[in-house]
Amino acid sequence: MDRAGDSDTIDIDWEDVWAHQPDGPLTFTHNHPLPGSFSADDVAWGLKARVREVRAVDAFNTHSLRYKPNGRVSAGVLYLDGRQRIKSVNERAGPPGSHGWRDELDRVWSRLAQRYDLRYDRCEAPGKSPR
Ligand SMILES: [Zn+2]
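Residues numbered from 1 in each chain as written. Predicted model: local features only at pLDDT ≥ 70, side-chain atom pairs only at ≥ 80, totals over all residues.

Q: So what's going on with the pairing of strand β1 (residues 27–31)? Residues and values would help.
A: Across five bridges, the pairing between β1 and strand β2 (residues 53–57) is parallel. Paired with H30 across the two strands is A56, which belongs to β2. Of the crossover connections in this fold, the one passing from β1 over helix α2 (residues 40–48) to the parallel β2 is right-handed. (Pairing = 2+ DSSP bridges. Helix = DSSP H or I, 4+ residues; strand = E, 2+ residues; numbered from the N terminus. Right-handed = clockwise from strand over helix to strand, strands pointing away.)

Below you can see the structure in the form of structure tokens.
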């Protein structure tokens, strides 16, 4: 399925998502016009929508977060922890989209992935699938 949003957000109907994954969870891929890894919303949404993997593609990288089928972290916890850490990155590593900010954002998701037993990968070439 294909949906267009504005530069920051996209409206997705969960019924629509589930209608497209009758045989199991899918991979949700979206673009980031402003280069950088996931927002807290991206990652919490993916968990709530029960997708297997979320991917964000920007001009430099493809970012991937994979969930465990029976993972124990809740979308609320993941969202709050992610939001808090991203806020801190925005305060000390701005401006958003800069090289330093992007690296810090990657570190946030690497650490959260370790903490909550998820898998985070960043692939250098945009559009390429992380292994
Ligand atoms: Zn996103």
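Q: Describe the environment of C123, listing the residues and the values that go with them.
A: Positionally, C123 belongs in strand β4 (residues 119–123). Given 17 C-beta atoms within a 10 Å radius, C123 is considered partly exposed. For the pair C123 and D16, spaced 107 residues apart in sequence, the C-alpha to C-alpha distance is 29 Å. (Buried ≥ 20, exposed ≤ 12 C-beta atoms within 10 Å, placed from the backbone.)

Q: Please give an account of the pairing of β2 that cites residues and values.
A: When β2 meets strand β3 (residues 62–66), the two strands line up antiparallel, connected through five bridges. What sits directly across from E53, in β3, is R66. Hairpin remark: β2 followed by β3, antiparallel, with four residues in the connecting loop.

Q: Please give an account of α2 that cites residues and values.
A: For α2, a buried count of seven out of nine residues is recorded, marking the element as mostly surrounded by other parts of the structure. What α2 keeps buried is the set A40, D42, V43, A44, W45, G46 and L47. Next to the buried residues of α2 lie β1, β2, β3 and α3 (75–92). One or two positions beyond α2, positive phi appears at R50, with a value near 60°. (Contact = placed C-beta atoms within 7 Å.)

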